[in-house]
Amino acid sequence: MRQRRSTSRNGLNAGLVPRPRKPWLTWLLVGGFFVGIVVWLGGRPIAKRWRSWQVTGTLTSVTSLMERKEWVLAANLLREAMQVAPNDPAVLRAVAEFQLSTHASPADVVQTFKRLHETGHATTADMVKLAHAEIRGGNIAAARKTLLSLSPAERSLADVMELESAILKMEGQSGEADNKLRTALLAQDADANAPLRLALLDFQQPFPAVHARGRTRLWDFARGRDGAACRAVQVLAADTTLTQEEADELLRLMQTHPDPGQAWLAAVQATLRLRPQERDAILARATERAGGGDDMEHMQFARWLSTMKEHERVLKFLPPDSVVKTEDLPADMLNLKLDAMAGTGRWEEVAAKLTPRLEKVLGKNSFNLWQACVAAKVKHDPARVRQHLSLAFEFAGRGQDVIPSLQTAETAARLEEWELAAAFFQSLADQMPAVQPRLKVLEKSFAMHGRNYNTSSMLKVAREISRLSPGNDAAAFRADYLGLLVGDSLELVAANTGPASAEAGTEAAARAHFLKAMANFRLRQPVPLHDLPQRMETSASWTAGHRAVLAAMIAANGDPEKAFRIAERVPVALLLPEEVRLLKLAR
């Protein structure tokens, strides 16, 4: 009984004794409360900082991978970073740098930099890169708009002014472009190449005092021992006012330079130009000097001899058949040897060497190019020429392999197969994602169609060039002119052109005026010429074809004498068929 009471007392006492406290639970609850308050007050900034911290390590890895040119791994990491923080400025900037490093499409680069600009964190350097991408994409007007969006202080920076100078040059404003570039170079204190570039800019000026200043500075650079000396020598060697004594000095400077490279050959070439009576002796000394170099220097000198049309010397400089058989030569040396044989008129020998074994050395593309040349020079078989050219282009991937495709197109042009050459250049351009290289190749295709007097094909290419060059008034004018010439889109051009579409008194206004008058002329409406004949007379930018059309329009306006005076000075050989027909109206 006592025991039970005691137990009851102990149980009562146990119920009255407080339980042990758990402070960690209290602090967890309090901490959770405060975290909730913080998240409620500023959750988004914290989350943003967390994402930024999360991608920082990823971007560091991306930079390292890009330095090692491990593009696939870098692309994978960038993709992950974009998924975590698609609008993070650092991520967008890294994507843009990756695109630039891998030569991505200019349109993709522009899109990335524009997204970066929309975040409000784009730097001046980012905007300059955006403008560069817009230029590569052919949109000069957009690049100018991007630069104009910068503040006056930003536009006074050297790299911005230099880019603006390039845009002015593209727009045909050479004088203003040079002034802008000069200002930019003077501002580039940290650029070691700026003084040399400034000297080159002065040297290119037409003003005697400025030109002389640049020439003096170039001579200062030429007497140095670095790469700038070689660049200065190359420029001075091509100077038409160079004297014999100066050419001799350039040659002495490069003969003692530790690494003259191509500048030595430029100095030799200048000496040859100014001392033609000593040509054999100068070439003999140069050949002896080149003979002591390594294999790379041997090839460099042999190529230079080839460009100088010294084909006999090339054959003597290269190993003779008694030492190395023709089919055992490396492909580049073999091509030089065949070039030299062709240059000396030994086409029969070239034809004899084109054996199946030689095809393995040259490759199918080059072998068929030589077969095309032999078919033209020896067999006089145009069908075989076109067959081998087509095979060569096929083996070049029809434009996918750029260098052999370009060589094939240029060979077709040399053999005066204009239609094939134009088609090859067009196919090559279709394979090019970058706009600027594509435009250069399209211009070649346009020229080939011109040699073939194919106005309709010229129009097609001109319109493609204009489409790829928004803001380029000259390209748009050429396309519209050819369209009017063949009678295509007359009403559209007439509606969209006129002096009001450009600033009065400018070349662009004159072009618009000309197109409006030509459209009216083709539509048999009154032709407003005003001062157009005087403007065209004083400007060298108008072609013989433009003047033929002007003469026809003046004749239609009832002034046959004035039309004839213009028409009689127009060379018919330079005109397209449609221009010839119009010229007859003025004669």
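Calculation criteria
Residues numbered from 1 in each chain as written. Predicted model: local features only at pLDDT ≥ 70, side-chain atom pairs only at ≥ 80, totals over all residues. Heavy atoms only, no water. Helix = DSSP H or I, 4+ residues; strand = E, 2+ residues; numbered from the N terminus. Buried < 20%, exposed > 50% of the residue type's maximum accessible area, 1.4 Å probe, protein only. Contact = heavy atoms within 4.5 Å. Areas by Shrake-Rupley, 256 points an atom, 1.4 Å probe, with all protein chains shown as cover. pLDDT = per-residue confidence, 0-100. Salt bridge = Lys/Arg side-chain N within 4 Å of Asp/Glu carboxyl O. Axes fitted to C-alpha atoms, helices over the stretch in contact; angles between N-to-C directions. Parallel < 35°, antiparallel > 145°, perpendicular 65-115°, else oblique. Left-handed = near helix turned anticlockwise from the far one by under 90°. Nonpolar A, V, L, I, M, F, W, Y, C, P; charged D, E, K, R; others polar. Patch = residues over 30% accessible without salt bridge, like charges linked within 9 Å, V, L, I, M, F, W, Y side chains within 5 Å. Lys, Arg positive; Asp, Glu negative; His and termini not counted. Charge placed at Lys NZ, Arg CZ, Asp CG, Glu CD. Core = buried A, V, L, I, M, F, W, Y, C linked by side-chain atoms within 4.5 Å. Arc of directions from axis to C-beta. Expected span 1.5 Å × (residues − 1). Polar contact = N/O pair within 3.5 Å; in protein donor to acceptor, adjacent residues only side chain to side chain. Phe/Tyr/Trp six-rings, centres within 6.5 Å; stacked < 30°, edge-to-face > 60°.

Colleague: Which residues make up the overall build of the protein, and what are the values?
Modeller: Scanning the protein from terminus to terminus reveals 34 helices and 0 strands. Scored against the burial criterion, the 587 residues of the protein give a buried share of 42%. The long-range fraction of contacts in the protein, counting pairs at least 24 apart against all pairs at least 6 apart in sequence, stands at 52%. Here the protein has roughly 32500 Å² of accessible surface; of this, 55% comes from carbon and sulfur atoms.

Colleague: Give a description of the confidence of the model for the protein that names residues and reports values.
Modeller: Looking at the protein as a whole, the pLDDT averages 84, with 88% of positions reaching at least 70. The weakest mean pLDDT in the protein belongs to helix H1 (residues 2-16) at 46; the strongest belongs to helix H23 (residues 382-395) at 97.

Colleague: Before we move on, can you summarise the pattern of salt bridges with the specific residues and values?
Modeller: In this structure the tally under the stated criterion is 25 salt bridges. Note that arginine 313 is salt-bridged to aspartate 280, the shortest N-O span being 3.4 Å. Remark: aspartate 280 occurs in helix H16 (residues 279-291) and arginine 313 occurs in helix H18 (residues 311-317); sequence separation between them is 33 residues. Look at aspartate 280 and you get exposed, because its relative accessible area is 55%. One network of salt bridges, in which partners are shared, links Arg279, Asp280, Glu310 and Arg313.

Colleague: I'd like to hear about unusual backbone geometry, residue by residue, with values.
Modeller: Apart from glycine, the bulk of residues carry a negative phi angle, and the bulk of peptide bonds sit in the trans form. The phi dihedral of lysine 69 falls on the positive side, at around 60°, and the residue is not glycine. Here lysine 69 shows up in the loop between helix H2 (23-67) and helix H3 (71-84). Accessibility expressed as a relative area gives 59% for lysine 69, which makes it exposed. Phi at lysine 309 is positive, roughly 65°, even though this residue is not glycine. With respect to the helices and strands, the residue lysine 309 is situated in the loop between helix H17 (295-307) and H18. Lysine 309 gets classed as exposed once you look at its relative accessible area, which sits at 63%.

Colleague: Explain the packing of helix H28 (residues 473-486) against helix H32 (residues 544-556) to me, and be specific about the residues and the numbers.
Modeller: Packing of H28 against H32 leaves a shortest axis separation of 12 Å and a crossing angle of 50°. Relative to H32, the element H28 is oriented oblique. In the packing of H28 onto H32, the handedness of the crossing is left-handed. Only Gly545, His546 and Val549 of H32 make contact with H28, whose side of the interface consists of Phe477, Tyr481 and Leu485. By residue class, the composition of the contact of H28 with H32 is 4 nonpolar, 2 polar and no charged.

Colleague: Summarise a negative patch on the surface; cite the residues concerned and give the values.
Modeller: Taken together, the side chains of Asp259, Asp294, Asp295 and Glu297 make up a negatively charged region of the molecular surface. Note that aspartate 295 resides in helix H17. On the basis of relative accessibility, which here comes to 63%, the residue aspartate 295 falls in the exposed class.

Colleague: Give a description of the nonpolar core that names residues and reports values.
Modeller: In terms of nonpolar packing, the biggest core is built from 130 residues, with Phe514 and Met553 touching the most fellow members. In this view, methionine 553 contacts Phe514, Ala517, Met518, Phe521, Val527 and Leu529; residues no more than four positions away in its chain are not counted. Ile140, Leu147, Leu163 and Ile167 belong to the second largest nonpolar core, which has 19 residues in total.

Colleague: Summarise the packing of helix H27 (residues 455-467) against H28; cite the residues concerned and give the values.
Modeller: Between H27 and H28, the shortest axis-to-axis distance is 8 Å and the interhelical angle comes to 150°. Taken together, the axis directions place H27 and H28 in an arrangement best described as roughly antiparallel. Judged by the twist between their axes, the crossing of H27 over H28 is left-handed. Facing H27, whose interface residues are Thr455, Met458, Leu459, Ala462, Arg463, Ile465 and Ser466, H28 presents Ala475, Ala476, Arg478, Ala479, Leu482, Gly483, Leu485 and Val486. Considered class by class, the residues forming the contact of H27 with H28 number 10 nonpolar, 3 polar and 2 charged.

Colleague: So, the environment of histidine 530: which residues are in play, and what are the values?
Modeller: When you line up the elements, histidine 530 lands in the loop between helix H30 (507-522) and helix H31 (532-537). As a C-alpha pair, histidine 530 and alanine 517 span 13 residues in sequence and 9.8 Å in three-dimensional space.

Colleague: I'd like to hear about helix H33 (residues 560-567), residue by residue, with values.
Modeller: Every buried residue belonging to H33 is among Ala563, Ile566 and Ala567, and all of these are buried. One face of H33 carries all of its buried residues, which in axial projection span an arc of 95°. Its buried side turned inward, H33 meets H32 and helix H34 (577-584).

Colleague: Explain H28 residue by residue, including any values.
Modeller: Compared with an ideal rise of 1.5 Å per residue, which puts 14 residues at 20 Å, H28 spans 20 Å between its outermost C-alpha atoms and is within 8% of the ideal. Those residues of H28 that fall on the buried side of the exposure criterion are Ala475, Phe477, Ala479, Tyr481, Leu482, Gly483, Leu484 and Leu485. Directly beyond the C-terminal end of H28, a positive phi value near 80° is found at glycine 487.

Colleague: Hey, could you go over the side chain of glutamate 579 for me, with residue numbers and the actual values?
Modeller: Residue placement: glutamate 579 occurs in helix H34. Of the buried charged residues, glutamate 579 lacks a salt bridge, with arginine 522 as the closest side chain of opposite charge at 10 Å. One polar contact links glutamate 579 to tyrosine 481, side chain to side chain, over a distance of 2.6 Å. Contact partners of glutamate 579, with chain neighbours within four places excluded, come to Tyr481, Leu485, Gly545, Ala548 and Leu574.

Colleague: Tell me about the environment of glycine 343, and please be specific about residues and values.
Modeller: Relative to the helices and strands, glycine 343 is located in helix H19 (residues 331-343). A sequence separation of 34 residues divides glycine 343 from lysine 309, and the C-alpha atoms of the two residues are 7.4 Å apart.

Colleague: Mind laying out the packing of aromatic side chains, listing which residues take part and the relevant values?
Modeller: Summed over all chains, the structure comprises 10 aromatic pairs. Seen from their ring centres, phenylalanine 393 and phenylalanine 424 are 4.2 Å apart, and the 15° between their planes marks the pair as stacked. Placement of phenylalanine 393 in helix H23 and of phenylalanine 424 in helix H25 (residues 418-430) is noted, with a sequence separation of 31 residues between them. Arranged with centres 6.3 Å apart and planes meeting at 25°, the rings of phenylalanine 477 and tyrosine 481 form a pair that is stacked. Of this pair, phenylalanine 477 and tyrosine 481 both sit in helix H28, 4 residues apart, which is roughly one turn of the helix. For the pair formed by phenylalanine 477 and tyrosine 481, the shared burial category is buried.

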